[in-house]
Amino acid sequence: MPWLSIVIPAYNEAGRLPQTLTMIQRYLATQSFTSEVLVVDDGSSDATADLAAAMPGVAVLRLDHRGKGFAVRAGALAARGHYILVSDADLAVPVEEWARLEQMLQHGYEVVIGSREGIGATRDGEPWYRHVMGRVFNGLIALIALRGINDTQCGFKAMPRHVAHDLFRRVRIYGDGAPVLQGAAVTAYDVELLFLARKMGYRIAEVPVRWHYGTETKVNPLRDSWRNLRDVVTVRLNDLRGRYRAAPTTLDSSEEGWRDTVPPKNS
């Protein structure tokens, strides 16, 4: 079992993904722990999947285009690592920030999320209006579904494999029944994931990270703001309707005894 699985959802990322994968591989080559890199192609219409598959040491999962939430879920459930790190394809948060998240995991937290807010966090190159949009959206999240988390949407999150498998088997909005989409789809899958983590009693930690705004962002302010707000409302409605009352997931033998104290070394 690898110590770390890095799951990268990607939709039409042929321009940025090769550089991202090169940077990740350079980092991993300097580490003593074992690892795997899994690119989840969200039905790209460009050469994203083929370029990723051509990179040595990179596994590719090819899916229909059903959005980032569906892609992250599929990648997390396919990952074999002791810990699973989800990272955006633009590597807006440098992969080196993994060390900060790992430290919190080793201290007993079960869901650790990168945060662009708080002391120690940096936001490089972000337009003022995008920051305002994010703060307004996070305020709505706190009002409707999830209080006490400053940044739900940062695309840098980690958890032990058994926690990831439990949570992603419980999600409803971007689960098995997620529809095939047209065009880029930025979603609030993170809110459902964190809502479930809190409901299941998992300990959540926010870790301030370095973050760089990508000029090639696929966010459409009007369309995606509406979709994200709809997702947040759906989370609250799902909870009120009892859709999150499923029995706990049974761990398989490979998920038992997950909390090692020392990562296995690369050979």
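Turning next to the sheet that holds strand 1 (residues 4–10). Strand order in this open sheet of seven strands is 3-2-1-4-7-5-8, and the pairing throughout is mixed. Edge positions in the sheet fall to strand 3 (58–63) and strand 8 (204–208), since each has one partner strand and no second. The average undirected angle you get between the axes of adjacent strands in this sheet is 20 degrees. Here strand 5 (residues 111–115) pairs with strand 8 via five bridges, running parallel. Paired with valine 112 across the bridge in strand 8 is alanine 205. Strand contacts of helix 6 (residues 161–170): strand 4 (83–87), strand 5 and strand 7 (156–160), with the helix running at about 105 degrees to strand 7, the strand carrying the most contacts.

This brings us to unusual backbone geometry. The backbone of asparagine 12 shows a phi angle near 50 degrees, a positive value even though the residue is not glycine. With respect to the helices and strands, the residue asparagine 12 is situated in the loop between strand 1 and helix 1 (17–29). Overall, asparagine 12 belongs to the partly exposed group, its relative accessible area being 24%. Positive phi values are uncommon outside glycine, yet leucine 91 reaches one of about 50 degrees. Looking at the element boundaries, leucine 91 is found in the loop between strand 4 and helix 4 (98–106). On the basis of relative accessible area, leucine 91 is assigned to the buried category, the value being 10%.

Time to look at the confidence of the model for the chain. Of all residues in the chain, 88% attain a pLDDT of 70 or more, and the chain-wide mean is 88. Contacts of residues 250–261 to residues separated by more than four positions or lying in other chains number 20 contacts, the stretch itself having pLDDT below 50.

Moving on to the environment of arginine 243. Among the secondary structure elements, arginine 243 is positioned in the segment after helix 8 (221–240). Judged by its relative accessible area of 41%, arginine 243 falls in the partly exposed class. The spacing of arginine 243 and valine 171 is 72 residues in sequence and 9.4 Å in space, taken between C-alpha atoms. Discounting residues that sit within four places of it in the chain, arginine 243 has contacts with Arg172 and Asn238.

The tally for this structure, following the rule as stated, stands at 15 salt bridges. Among the ionic pairs, glutamate 13 bridges to arginine 16, the shortest N-O distance being 2.8 Å. When its relative accessible area of 8% is taken as the criterion, glutamate 13 is described as buried. By relative accessible area, arginine 16 is classed as buried at 15%. Measuring nitrogen to oxygen at the nearest pair gives 2.6 Å for the salt bridge that ties arginine 123 to glutamate 117. Residue classification places glutamate 117 among the buried residues on the basis of a relative accessible area of 17%.

Membership of the largest hydrophobic core comes to 40 residues, with the highest contact counts inside it found for Val111 and Leu167. Listed by contribution, the elements that provide at least two residues to this core are strand 2 (35–42), helix 3 (68–78), strand 4, strand 5, helix 5 (128–144), helix 6, helix 7 (189–199) and helix 8. Top element by residues in this core is helix 7. It accounts for seven residues. Setting aside residues no more than four positions away along its own chain, leucine 167 makes contact with Val111, Met159, Leu193, Leu196, Ala197, Met200 and Tyr202. Core analysis: the second largest hydrophobic core is formed by 35 residues, Ile8, Tyr27, Ala52 and Trp98 among them.

Criteria and cut-off values
Residues numbered from 1 in each chain as written. Predicted model: local features only at pLDDT ≥ 70, side-chain atom pairs only at ≥ 80, totals over all residues. Heavy atoms only, no water. Pairing = 2+ DSSP bridges. Helix = DSSP H or I, 4+ residues; strand = E, 2+ residues; numbered from the N terminus. Axes fitted to C-alpha atoms, helices over the stretch in contact; angles between N-to-C directions. Contact = heavy atoms within 4.5 Å. Buried < 20%, exposed > 50% of the residue type's maximum accessible area, 1.4 Å probe, protein only. pLDDT = per-residue confidence, 0-100. Salt bridge = Lys/Arg side-chain N within 4 Å of Asp/Glu carboxyl O. Core = buried A, V, L, I, M, F, W, Y, C linked by side-chain atoms within 4.5 Å.

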